[in-house]
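Descriptive structure summary
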Amino acid sequence: MTRFAAYGDEATKQALIADIAAKGPVYSGWLTNAAFEGDLSPISQTYGLHPAFVRLMPALGGFGATDASLPFYGSVLESLPVGADTGALARRFLLLAWTDPAHGVAQRLPLGSVLAAGEAIIDLVRASVTARVDKKTWRAARAALAKARACEQAPEAAVDLVLSLAWDLEEAPGAAQDAMLVWSSQVMTDAAAAGPDTMTEEENQALFTAMRTHHEAAAAAVPDLKPGNAEAYERFQAEMGRLWDGDPAGKALKARSDARGVRINAKVAAWREAMQAQLLELAKAASLAAA
Amino acid sequence: MSLLKDVTTAEFEAEVLASNIPVLIDFHAVWCGPCKASVPALEDAAREFEGEIAFVKVDIDQEPTIAERYNVQGVPTFIVIKDGEAVERFSGLVSRGKLASVLEPFAEGGQ
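Below you will find a few notes about this structure. (Residues numbered from 1 in each chain as written. Chains lettered and ligands numbered in written order. Predicted model: local features only at pLDDT ≥ 70, side-chain atom pairs only at ≥ 80, totals over all residues. Heavy atoms only, no water.)

Residue and element names in this part refer to chain A. Core analysis: the biggest nonpolar cluster contains 82 residues, and Trp30, Phe53, Met57, Leu77, Leu80 and Leu279 have the highest contact counts within it. Counting the residues that make up this core, at least three belong to each of domain 1 (10-79) and domain 2 (88-193). When neighbours within four sequence positions are excluded, Leu80 is seen to be in contact with Tyr7, Lys13, Leu49, Phe53, Thr86, Leu89, Ala283 and Ala286. (Core = buried A, V, L, I, M, F, W, Y, C linked by side-chain atoms within 4.5 Å. Buried < 20%, exposed > 50% of the residue type's maximum accessible area, 1.4 Å probe, protein only. Domains from an automatic or database assignment. Contact = heavy atoms within 4.5 Å.)

So, in structure tokens, the structure goes:
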């Protein structure tokens with residue numbers, strides 16, 4: 001297996017931590033939305049971090065949408081010893097998508113062939129922590145799960161998450177990022193379905209129509225609305241407020257939708273925080289890469 | 001080096017329709033966030049199926065003729081072409097698991 005030994009030396013480690021704390025160029029190119037389309041291999045090469053770990057970090061931190069994850073990045077990187085095997089660390093972390101008692105998908109799959117095929121994949125993920133599993137074996141395991149899913153009812157998101165874990169992270173490190181995206185999407189879907197105030201399809205459609213109608217009317221009333229024109233944007237917002245005030249039914253739906261959005265975001269944030277804490281614990285216990 | 005090749009209208013016949021292996025077309029646009037989010041999975045899938053399935057990208061703004069030919073209404077849209085015919089189609093941000101499930105039957109002599 002390709003071995004990446006973290007940092008190489010203490011000075012490199014501290015330089016990376018300092019860049020991230022200051023939201024410097026490494027932070028901007030790695031831990032933000034730039035990670036989606038950027039080539040992250042220079043991060044791996046410069047800092048000795050396995051490409052799967054490099055893909056995992058921005059996904060777990062929310063791609064820099066807020067600064068909330070800055071302390072998390074600092075803590076994980078500080079906890080990682082010089083020479084740590086971050087490939088094994090990434091694999092151990094991804095196992096949580098199956099095993100975590102609160103958020104893992106193991107308990108979501110019904111007893112039967114889908115669960116058995118999922119367990120077979122997780123056995124391979126476990127094995128891959130210490131020894132490389134070849135491409136054919138991963139592919140056969142994915143095919144078995146896909147076949148089982150075709151014959152048996154199972155939650156699609158949970159199956160997709162397990163399928164996202166079934167890749168050789170040496171050749172397909174982006175699987176770490178994809179697994180996190182599928183997992184966070186599932187947490188969001190679960191939170192939306194959990195209530196207490198779920199909205200019907202008709203209510204969602206009515207809200208969408210009202211939003212579009214008001215948006216078009218407000219945009220027409222503020223013809224100079226353009227990116228960067230803060231004063232025009234304020235007038236636009238005021239116009240939107242006036243239009244909502246004149247539409248009590250739509251405004252009530254919007255209030256419910258906004259409150260629901262806050263609840264969903266809170267649940268996703270709680271999941272993210274819990275998973276970040278798990279990665280931090282794994283980082284503290286990380287083994288050193290073999291020479 | 002990326003295995004996702006950008007194809008133009010002029011290259012489409014030779015690269016896609018006349019290909020002797022199935023081809024996945026990724027219809028995308030530079031302004032499309034979900035298109036960018038799909039890239040790591042596509043890059044990995046392209047490596048996984050190298051020699052079995054070809055992967056090409058079509059920018060719908062640069063190559064509207066191809067997009068119109070396949071009635072692409074939004075991006076990302078993915079179409080599998082086999083022997084010159086569209087045999088599979090799906091849209092939106094696609095998970096790696098879904099991508100593999102769709103493509104594996106076309107690999108190594110499947111279908």
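What follows picks up the thread again.
Here we come to the sheet that holds strand β3 (residues 54-59) of chain B. All names here are of chain B. The strand order β1-β3-β2-β4-β5 describes an open sheet built from five strands, whose pairing is mixed. With one partner strand each, in any of the chains shown, β1 (5-6) and β5 (85-91) form the two edges of the open sheet. Helix-sheet contacts for helix α4 (residues 96-103) involve β2 (23-28), β3, β4 (77-82) and β5, and the interaxial angle to β5 is about 165°. (Pairing = 2+ DSSP bridges. Helix = DSSP H or I, 4+ residues; strand = E, 2+ residues; numbered from the N terminus. Axes fitted to C-alpha atoms, helices over the stretch in contact; angles between N-to-C directions.)

On to the interface of chain A and chain B, then. Taken together, the contacts link 21 residues of chain A with 18 residues of chain B. Of the roughly 1700 Å² buried at the junction of chain A and chain B (both faces included), carbon and sulfur atoms supply 51%. Taken together, the connections running from chain A to chain B amount to five salt bridges. In this structure, Arg139 of chain A and Glu48 of chain B form a salt bridge, with 3.2 Å as the shortest nitrogen-oxygen distance. There are ten residue pairs in polar contact (both at pLDDT 80 or more) connecting chain A and chain B. Taken together, the elements giving at least two residues each to the side of chain A that touches chain B come down to α3 (34-37), α9 (135-151), α10 (156-165) and α11 (174-193) of chain A. No other element matches the six residues that α9 of chain A contributes to the side of chain A that touches chain B. The residue makeup of the side of chain A that touches chain B, split by class, is nine nonpolar, three polar and nine charged. (Buried area = accessible area lost by both parts, 1.4 Å probe. Salt bridge = Lys/Arg side-chain N within 4 Å of Asp/Glu carboxyl O. Polar contact = N/O pair within 3.5 Å; in protein donor to acceptor, adjacent residues only side chain to side chain. Nonpolar A, V, L, I, M, F, W, Y, C, P; charged D, E, K, R; others polar.)

Right, let's talk about the packing of aromatic side chains for a bit. Under the criterion given, the structure shown has eight aromatic pairs over all chains. Centre to centre, the rings of Phe27 of chain B and Tyr70 of chain B are 6.2 Å apart; their planes meet at 50°, and the pair counts as tilted. Taken as a pair, Phe27 of chain B in strand β2 and Tyr70 of chain B in the loop between α3 (64-69) and β4 lie far apart in primary sequence, 43 residues in all. A network of ring pairs unites the aromatic residues Tyr27, Phe72 and Tyr73 of chain A as a single cluster. One Lys or Arg, Arg142 of chain A, reaches over the ring of Trp167 of chain A and ends 3.9 Å from the middle of that ring. Residue placement shows Arg96 of chain B over the ring face of Trp167 of chain A; its charged tip is 4.9 Å from the ring centre. (Phe/Tyr/Trp six-rings, centres within 6.5 Å; stacked < 30°, edge-to-face > 60°. Lys NZ or Arg CZ within 6 Å of the ring centre and 35° of its normal.)

Just geometry here; none of it tells us what the structure is for.
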